[in-house]
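Chain by chain, the residues run as shown.
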Amino acid sequence: MRWWERDPWLELAQVFLRNPFRTFLSSLGVGWGLFMILITVGASNGLEEGVKADMGNRVKNSAFIWGKSTSMAYKGYPRKRKIELTSSDVEYLVENATTLQAVAPRNQLGGWRGENNVTHDLKSAACGVFGDVPVYKDIDPVIVTEGRYINQRDLDDRRKVAVIGTRVRQSLFSRDEEVLGSHIQIQGVNFTVVGVFKSQQTGEDAEESENSIFTPYTTFNRAFHMGDKVGWLSLLIKEDVRGDTAVAEVLRLLKAQKSVHPEDPRGFGEWSMAEIHEEMSTVFRAFRWVSFVFGGLALFAGVIGIMNIMLITVKERTRELGVRRALGATPANIVVQIMMETLTLTILAGLIGGIFGVFALDTLDSFLVSAEDNGIFRHPHITLDVLLNALMTMTILGALAGVLPALRALRIQPVDALRT
Amino acid sequence: MIVLNGVTKSYLTGSQSLQVLKGVDLQVSAGELVAIMGSSGSGKSTLLNILGLLDAYDGGNYELDGRDMSGLSERRAAELRREMLGFVFQSFNLIPFKSAAENVALPLYYKKVARKEREHRSRQLLERVGLLEWAHHLPSQLSGGQKQRVAIARALAATPRVILADEPTGSLDSVTSSEVIDLLKELNSEGTTMVVVTHESDIAAECGRTIRLRDGLVESHGHV
């Protein structure tokens, strides 16, 4: 029997349509199973996407390190020594760390709920003021809406320039005032505004970010008497390196450089976007698996339903199958026929369930988009590989479900069938 | 065409073995129309099943068209049924969800004959049995005589050497019975060997020869 021939399919249609309602009910389970897989996996994808978006569209492979007090005496230094990072540590890391793409030193003045520290004409505002290097925009990207970001010549020449967030602009400038080229005073020091940016994040994170001012790191340290001090280091980890591996390397290097005991759990503070991202991905991967397994169990129950109806069908068609044998059908013909019927029923039902699943996810997605819901559940979707896996699982289960009815059909001897 | 020598067959019923055929010898030549008669329990249906390769026999020899039929695999038996044999049953055994034409074409499908040719041949045969107008009717829409004529057309589809008919008129009234017998006789006169199992003597009388079975043995071979 060749599948491209019309007759086997016509015959399938005849068999199914003989009892359409029963066929429909029996295959409902498989459709439902596939629907469940798609919906649950899609929902967990939506949750993952929502939670990650809520964390901000920060660069996934970033980490932050700052100096703290040690808790262990080492190499003649007492414990509770305050570790302070300097520019030489930055250079040391750039030269020696193998897991990093970039290292950016950062300093800060003012910040969240700080006092008013920035003025322009008669207006004043409380802003986070940062000393930055150009590479920082790869670690925590912002969208520059006017002018430009900090560049290397700003640092080399210690220019007194500033890139301000959109909220800073709102606080200090009137609506139609020209911003670029204007002067602002940060703690009494004059800076020229060369750029305006907005955040890529949403919610409070964005508000805080857009209430910031970026200045060249070198200018900042001189203007605000920071000397050589580095507030904290922002790290950009290489794409193929795990976050915890990179952080471990950096800590090892810095501990050696700063004579901190290698076993000292204190000495440095760290916060790794990369590690958090990895942990979350693990959680959501587990989530997806659980969804897939439970959906798979629903699918399994559905396939049992199909096997059951096929067993009944074979029983009912004992005479017909016997007649076919008498007319010259070989055992192989019969097996192929029953397997084909089972598989077709399974796949047809599964595809219908799948179409409904994809459609339901799409409807939910467009509903969320139109409702402008930016909660922790957004853009529920399934990837092609999940869909293909589900269809493959279904096909394998369908084939297995056909085995028993086919064997049952094979046991029918023409004489048994024709005995009147 | 058909040669049986000492063919035996027994069935297990519970713990008891029931010998249905106790050593049947018979011969049917090519082109013959033979009736097999016997009371119920004489073993005539079992004999027909063995002749039709639908059932295996325990002992003795069966030669069909000069070939030994012992120890056939199911697949080989199916092939031989397809190539050599046509069946007509008492209860017609048409496939209920297929039209008359589709029923007639079914043996050709298993013979891997192309679709167009199957349709053509099926129409030809329905015309032959006078049912061309009924080609697209389902068996449930046909009368008993019509059903049996469709079944005969189906038995003829693969141009078999032998047609085996098991009580072909058993479910029909006397008028349609004689129509069916006339049709079988006509086909026989065109060269198809035919074995008809019946318990009606007026049907047997229409056949060229009557073999009588009694208690699993051939009682008489009739006049050749």
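Predicted model only: the values in this text are computed from it and were never measured.

> Just to check I follow, could you spell out a nonpolar patch on the surface for this structure?
Taken together, Trp289(A), Val290(A), Val293(A), Phe294(A) and Leu297(A) make up a surface patch of nonpolar side chains, about 550 Å² in accessible area. Counting through the fold element by element, Val290(A) comes out in helix H10 (residues 273–316).

> So what exactly am I meant to see when it comes to the sheet that holds strand S4 (residues 59–64) of chain B here?
The strands that make up a sheet pair up through hydrogen bonds in the backbone, lying either parallel or antiparallel. Residue and element names in this part refer to chain B. Taken together, four strands build an open sheet; the order of strands is S2-S1-S4-S5 and the sheet is antiparallel. Both edges of this open sheet fall to strand S2 (16–28) and strand S5 (67–68), since each of them pairs with a single strand only. Alignment of strand S1 (residues 2–13) against S4, held across five bridges, turns out to be antiparallel. Counted as the bridge partner of Val 3 is Glu 63 from S4. Against the sheet, helix H1 (residues 44–51) contacts S1, S2 and S4, and its axis sits at roughly 120 degrees relative to S1.

> Just checking my understanding: could you explain the interface of chain B and chain A for this structure?
It is common to give the size of an interface as the accessible area lost on bringing the parts into contact. Taken residue by residue, the interface counts 25 residues in chain B and 27 residues in chain A. Broken down residue by residue, the surface that chain B buries against chain A is led by Phe97(B), Tyr109(B) and Tyr110(B), which jointly contribute 27%. Where chain B meets chain A, there are two salt bridges. Across the pair Lys98(B) and Glu11(A) runs a salt bridge whose closest N-O atoms are separated by 3.4 Å. Our enumeration of links across chain B and chain A arrives at ten residue pairs in polar contact (both at pLDDT 80 or more). Mapped onto the side of chain B that touches chain A, the elements with two or more residues apiece are helix H2 (74–84), helix H3 (100–110) and helix H4 (115–128) of chain B.

> Mind showing me how you'd approach the confidence of the model for chain B here?
The predicted structure's coordinates, where accompanied by low pLDDT, should not be read in detail. Scored by pLDDT, chain B comes out at a mean of 90, with 100% of its residues at no less than 70. This prediction of the complex comes with two scores: 0.70 for pTM and 0.91 for ipTM.

Cut-offs used in this document
- Residues numbered from 1 in each chain as written.
- Chains lettered and ligands numbered in written order.
- Predicted model: local features only at pLDDT ≥ 70, side-chain atom pairs only at ≥ 80, totals over all residues.
- Heavy atoms only, no water.
- Patch = residues over 30% accessible without salt bridge, like charges linked within 9 Å, V, L, I, M, F, W, Y side chains within 5 Å.
- Areas by Shrake-Rupley, 256 points an atom, 1.4 Å probe, with all protein chains shown as cover.
- Salt bridge = Lys/Arg side-chain N within 4 Å of Asp/Glu carboxyl O.
- Helix = DSSP H or I, 4+ residues; strand = E, 2+ residues; numbered from the N terminus.
- Pairing = 2+ DSSP bridges.
- Contact = heavy atoms within 4.5 Å.
- Axes fitted to C-alpha atoms, helices over the stretch in contact; angles between N-to-C directions.
- Buried area = accessible area lost by both parts, 1.4 Å probe.
- Polar contact = N/O pair within 3.5 Å; in protein donor to acceptor, adjacent residues only side chain to side chain.
- pLDDT = per-residue confidence, 0-100.

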